[in-house]
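Chains, contacts and geometry: an overview
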Amino acid sequence: MDLVEVLPNRLHMLRFPIGQAYLWQDDGALTLIDAGNRESADAIEGAVRSLGLRPERLERIVLTHCHRDHVGAAAELAARRGARVLAHRLDAPVIRGERPVPEPVLLDWEVPLYAHGLTVSEAPPTPVDRELEDGDALGFGDGAYVVHAPGHTEGSIGVHLPRHGVLFTGDCVAAVGPVMLGVFNVDRARAIASFRRLAALRPATACFGHGDPLTVDTAAVLAKAVAETPA
């Protein structure tokens, strides 16, 4: 796992072989955005300690959607540290293991990528302590709130921190190569609409589920990517 500083003393990316998570800190109180794969709990806690922070200060884990490379270690970290797990109401039953993971409608070029993604271990059933809705306040980051962004999954969300100009897009947007609509969507039209909605927030920093964060000309790059996305 790689640990990458995004904003000094505030935000770090934790990059795994497939996918990534983000660690936000408010005066030592910690929030994890997504949770890597199911084997990553020790690596995440090691990264926290390497920053001079305490894993027991992990207060919440916000899951952007129900896929295995995002839910992974959430259950174990929550059990260890008493953190609350938050996810959108529509993905919560999948995360808890009550419903199957929805199958995406794959474009031809996505098929081998999807097969590679399935090499990540399945996430265990994970309790969801709070089911989220669009616009819900999240209690960190000086006013972070939920932006429902369906299309990748029904309950996909973005997390917007307007006071800091930071937007976590989950897998609605990707930056593996150029910034683009995320792959493996259950509903491409809705995913494009969500991409448009997230870009309209005009963040200064965009953090994706896959690919390096965008910190320069972010709003303009997102707007251009939306405009160039075919229906």
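Each value, and the rule that gives it
- Residues numbered from 1 in each chain as written.
- Predicted model: local features only at pLDDT ≥ 70, side-chain atom pairs only at ≥ 80, totals over all residues.
- Heavy atoms only, no water.
- Core = buried A, V, L, I, M, F, W, Y, C linked by side-chain atoms within 4.5 Å.
- Buried < 20%, exposed > 50% of the residue type's maximum accessible area, 1.4 Å probe, protein only.
- Helix = DSSP H or I, 4+ residues; strand = E, 2+ residues; numbered from the N terminus.
- Contact = heavy atoms within 4.5 Å.
- Pairing = 2+ DSSP bridges.
- Axes fitted to C-alpha atoms, helices over the stretch in contact; angles between N-to-C directions.
- Disulfide = S-S within 2.5 Å.

This part is about the nonpolar core. For soluble globular proteins, the rule of thumb is that nonpolar side chains tend to be buried together. If you look at the biggest cluster of nonpolar residues, it comprises 28 residues, and the most contacted ones within it are L32, I61, L63 and L77. Sorting elements by how many residues they give to this core places helix α1 (residues 41–50) first, with four residues. Those residues in contact with I61 that lie beyond four places of it in its chain are L32, D34, A35, A74, L77, A78, A83, R84, V85 and L86.

Two pairing modes exist for strands in a sheet, parallel and antiparallel, and in both the strands are linked by backbone hydrogen bonds. Within the open sheet, the seven strands sit side by side as β1-β2-β3-β4-β5-β6-β7. Their pairing is mixed. Both edges of this open sheet fall to β1 (2–7) and β7 (130–132), since each of them pairs with a single strand only. With direction set aside, neighbouring strand axes in the sheet form an average angle of 25°. Helix α3 (residues 74–81) rests against β4 (29–33), β5 (58–62) and β6 (84–88) of the sheet, and its axis sits at about 160° to β5.

As a further point, take the state of the cysteines. In total, this model carries zero disulfides according to the counting rule given. Between C66, a cysteine without a disulfide, and C172, which holds the nearest cysteine sulfur, the sulfur-to-sulfur distance is 14 Å. With relative accessibility at 3%, the residue C172 sits in the buried group.

In short, geometric facts, not functional conclusions.
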